[in-house]
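Overview (structure and organization)
Next come the chains, spelled out residue by residue.
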Amino acid sequence: MVSRRKLLKSLSLLPLAGTVLGTEWLHGQSMTKEVLEATASRNFFKELGIRTFINAAGTYTSMTGSLMPEEVTQAITYGASEYVNLDELHDRVGERIAELLDCEYATVTSGAFGAMTIGLAGVISGMDEDKVAQLPDTTGLKNEVILQESHNIVYTHALKNVGVKIITVKTAKELKKAINPKTAMLWFLNANTDEGEIKHEEFIEMGKTFGIPTFIDCAADVPPVENLFKFTKMGFDLVAFSGGKGLRGPQSAGLLLGNKELILAARQHTPPRGHTIGRGMKVNKEEVLGMLVALELYLQKDHHKEWEMWESQIKLISDSAKSVKGVDTEIHTPKYANHVPSLKVRWDQDRVKITPNEARKKLKDGHPSIETVGNDKEIGITTWMMTPGQERLVAQRLKEVLSTS
Ligand SMILES: *Cc1c(COP(=O)(O)O)cnc(C)c1O
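Every chain's residues receive numbers from 1 upward, in the order its sequence appears when written. Confidence filtering applies because this is a predicted model: local features only for residues at pLDDT of at least 70, side-chain atom pairs given and counted only at 80 or more, and all residues used for totals across whole chains, interfaces and linings. Note that the side-chain values use all heavy atoms of the structure and ignore hydrogens as well as water.

One side-chain nitrogen of Lys or Arg within 4 Å of one carboxyl oxygen of Asp or Glu is enough to make a salt bridge. Under the defined criterion, the tally for this structure stands at 18 salt bridges. Notably, a salt bridge pairs Glu-37 with Lys-33, separated by 3.4 Å at the nearest N-O pair. Linking Glu-37 with Lys-33, this pair stays in helix 4 (residues 33–40), spanning four residues, or about one helical turn. We call a residue buried when its accessible area falls under 20% of the maximum for its residue type, exposed when it is over 50%, and partly exposed in between, using a 1.4 Å probe and counting protein chains only. Classification of Lys-33 by relative accessible area gives exposed; the value is 60%. Note that Glu-378 and Arg-346 form a salt bridge whose closest N and O atoms lie 2.8 Å from each other. Of this pair, Glu-378 sits in the loop between strand 12 (373–374) and strand 13 (379–382) while Arg-346 is found in strand 10 (residues 342–347), placing the two residues 32 residues apart along the sequence. According to the relative accessible area criterion, Arg-346 is partly exposed, its value standing at 31%. Salt bridges linked by common partners bring Asp-87, Asp-91, Arg-267 and Arg-273 together as one network. Where helices and strands are cited, they refer to DSSP runs of H or I of at least four residues and of E of at least two residues respectively, numbered from the N terminus.

Right, dumping it as structure tokens:
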């Protein structure tokens, strides 16, 4: 904790602090150029006593996700400077995103998690205002969501928030049997496709046969860029992506794509409407614009070139680690979710006398601080969340940590 005394002291050291805190600012007049410049040069994290780090781990909420390109922060700054009607903005941006992604409709949500909650809420309520206000009490409403047991990860809590019961099944036969008049939605987790017996097409077919909407969680499934188009075309009624993972938009934003009627119903649960379960999942103009620009940038990107860069960065780190005797590496690309070149570093602990967890702590505590993932057997590294050039620091530090042990 920063003590009050220390905080006041650091404030007094700021240029023109008096102007910031004085009457001019309180009266809402524009800040002077000097104050703006002083603010722009503030090192906020240092002031707060927080270390920043090189992200060699990936897109983790605990590590604040991804970094936004400057075009995105410019859009956010622009959004912060004017008032508009919130619904009108969501309407227009939803239409624009649907155009970009060649799907029926879209809306910017509070992350993939928020997309799941309002998406399901809309499925249950439709446009009926009384039903919107009734949730999460599902008395008399459809209140079951069916998913495969192997897809039942922590994030299905986003569905439970709506007041539904999760029903898990293993086979298509069990799924068919579980469908009943209370079934609201069928939910699929793309990341766990290989772990489940029922694959995309069969799942969608089941929904169509019984007239039940299907939803796919693709939160971490960009790249590849094609996924932004693939699942709406395949026939899922609703598709969710995180905005602040591979898309590098605002970390608290996301996308809900698909059926227009269902997305308009989902919107009934969002601000400005207040008698809703989604009132706390507000997405204001700054993030709406930031998300739109992040998506535009992502679609324009040279994905092939970016992939080659990631491959060469991973190879550089891999070669550096392998130059230490006893160290072995494996380069791999997860098939679903976080589909990027990734590295596993393992070693013979009789020759390199440090455990992977100790090595990870050394990397984290060193200069610069480097965050990785891993367990007691290996260190895991990706480069897609790094700023280009940082891979050299990571390669060097990893070698140092492993060779001085
Ligand atoms: C990250 C993630 C979420 C949550 O996404 P947010 O955009 O952080 O809300 C949901 N499902 C899966 C599979 C995820 O990886």
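Attention now goes to the nonpolar core. For this analysis, a nonpolar core means a set of buried residues of the types Ala, Val, Leu, Ile, Met, Phe, Trp, Tyr and Cys, connected via side-chain atoms within 4.5 Å. Counting 46 residues, the largest nonpolar core has Ile-97, Leu-228, Leu-255 and Leu-257 as its most contacted members. Ranked by the residues each element gives to this core, the list is headed by helix 15 (residues 285–300), at eight residues. By definition in these notes, contact holds between two residues if any of their heavy atoms fall within 4.5 Å. Residues within four places of Leu-257 in sequence aside, it is in contact with Ile-97, Leu-101, Cys-103, Tyr-105, Ala-106, Leu-228, Thr-232, Asp-237, Leu-238, Val-239, Phe-241 and Ile-263. In this structure, Leu-159, Val-162, Met-185 and Ala-266 belong to the second largest nonpolar core, which totals 32 residues.

Moving on, we come to a negative patch on the surface. Each patch groups residues whose relative accessible area exceeds 30% and which form no salt bridge, using 9 Å between like charges and 5 Å between nonpolar side chains of Val, Leu, Ile, Met, Phe, Trp and Tyr. Calculation of accessible area relied on Shrake-Rupley with a 1.4 Å probe; when residues are assessed, cover is drawn exclusively from the protein chains displayed. Charge counting follows a simple rule: Lys and Arg are positive, Asp and Glu are negative, and His as well as the terminal groups are ignored. Every charge is mapped to an atom, namely NZ of Lys, CZ of Arg, CG of Asp or CD of Glu. Negative charge collects at one region of the surface, where Glu-149, Glu-174, Glu-197 and Glu-202 lie side by side. Relative to the assigned elements, Glu-149 resides in the loop between strand 3 (144–148) and helix 10 (157–160).

Spanning 14 residues, helix 18 (residues 390–403) covers 20 Å between terminal C-alpha atoms, matching the ideal 20 Å at 1.5 Å per step. Every buried residue of helix 18 is accounted for by Glu-391, Val-394, Ala-395, Arg-397, Leu-398, Val-401 and Leu-402. Expected helix span is computed as 1.5 Å times (number of residues minus one).

Before going further, it helps to spend a moment on the sheet that holds strand 9 (residues 327–332). Here a strand pair is declared whenever DSSP counts at least two bridges between the two strands. Strand order in this open sheet of four strands is 9-10-13-12, and the pairing throughout is antiparallel. Each of the sheet's edge strands pairs with one partner strand only, and the pair in question is strand 9 and strand 12. In this sheet, strand 13 lies alongside strand 10 in antiparallel orientation, the contact comprising four bridges. Within strand 13, the residue paired with Leu-343 across the bridge is Ile-381. Axes, fitted as lines to C-alpha atoms, cover a helix only where it is in contact. Angles between the N-to-C directions of the axes lie from 0 to 180 degrees. Sheet contacts for helix 17 (residues 356–365): strand 10, strand 12 and strand 13; angle to strand 13, the most-contacted strand, approximately 45 degrees.

This brings us to the domain arrangement of the protein chain. When the parts come together, some accessible area is lost, and that loss is often what is quoted as the size of the interface. Either an automatic procedure or a domain database provided the assignment from which the domain bounds are taken. Domain annotation of the protein chain identifies domain 1 (84–300) and domain 2 (303–403). Each partner contributes to the interface: domain 1 provides 16 residues, whereas domain 2 provides 10 residues. Summing both sides of the interface, domain 1 and domain 2 together bury roughly 950 Å²; the carbon and sulfur share of this comes to 63%. As used in this structure description, the phrase polar contact means that two N or O atoms lie within 3.5 Å; if the pair is within protein, one of them must be able to donate a hydrogen and the other to accept it, and residues adjacent in sequence are counted only when both atoms belong to side chains. Here domain 1 and domain 2 share four residue pairs in polar contact (both at pLDDT 80 or more) between them. For this classification, Asp, Glu, Lys and Arg are treated as charged, while Ala, Val, Leu, Ile, Met, Phe, Trp, Tyr, Cys and Pro are nonpolar and the rest, including Gly, are polar. Tallied by class, the residues present in the side of domain 1 that touches domain 2 amount to eight nonpolar, four polar and four charged. Take the accessible area each of two parts loses on contact, using a 1.4 Å probe, and add the two losses: that sum is the buried area.

Next up on the list: the layout of surface pockets. Any empty space left between the atoms is revealed when a probe the size of a water molecule rolls over them. Each pocket or cavity is described by its volume, and for the largest pocket that value is around 830 Å³. Cavity and pocket criteria rest on a 1 Å grid covering protein atoms alone: a 1.4 Å probe that fits but cannot get out defines a cavity, protein on both sides within 12 Å along at least 5 of 7 lines defines an open pocket, and an atom within 4 Å of a point defines a lining residue. Every residue lining the largest pocket is counted, 38 residues in all, and those nearest its centre are Thr-59, Tyr-155, Ala-220, Lys-245 and Asn-338. Every element with two or more residues in the lining of the largest pocket is listed here: helix 8 (111–125), strand 10, strand 12 and strand 13. Ranked by the residues each element gives to the lining of the largest pocket, the list is headed by helix 8, at four residues. Taken together, the residues of the lining of the largest pocket break down into 17 nonpolar, 16 polar and five charged. Grid points are joined across faces, edges and corners, and a volume is the space filled by probe spheres set on the points. Of the volumes computed, that of the second largest pocket is approximately 510 Å³. Forming the boundary of the second largest pocket are 15 residues, of which Thr-52, Phe-53, Met-63, Thr-64 and Leu-67 lie nearest the centre. The class makeup of the residues in the lining of the second largest pocket is six nonpolar, eight polar and one charged.

Further remarks concern empty space enclosed by the protein. Tallied over the full model, the rule gives two cavities of 30 Å³ or more. For the largest cavity, the calculated volume is near 100 Å³. Taken together, 14 residues line the largest cavity, and the ones lying closest to its centre are Val-108, Thr-109, Thr-270, Met-281 and Val-283. For the lining of the largest cavity, the elements supplying multiple residues, two or more each, are helix 7 (86–100), strand 2 (105–109) and helix 8.

Attention shifts here to the pairing of strand 5 (residues 183–189). With seven of seven residues buried, strand 5 is to be regarded as a mostly interior element. In terms of strand pairing, strand 5 meets strand 6 (residues 214–217) through four bridges, oriented parallel. The residue of strand 6 that forms the bridge with Trp-187 is Phe-215. Every crossover in which the path from the first strand over the helix to the second runs clockwise, viewed with the strands pointing away from the viewer, is termed right-handed. For the segment spanning strand 5, helix 12 (residues 200–210) and strand 6, crossover handedness is right-handed.

The next point concerns unusual backbone geometry. The linkage connecting Pro-271 with the following residue, Pro-272, adopts the cis geometry, with an omega of 15 degrees. Inspection of the secondary structure puts Pro-272 in the loop between helix 14 (260–267) and helix 15. A cis amide bond links His-367 to the next residue, Pro-368, at an omega of -5 degrees.

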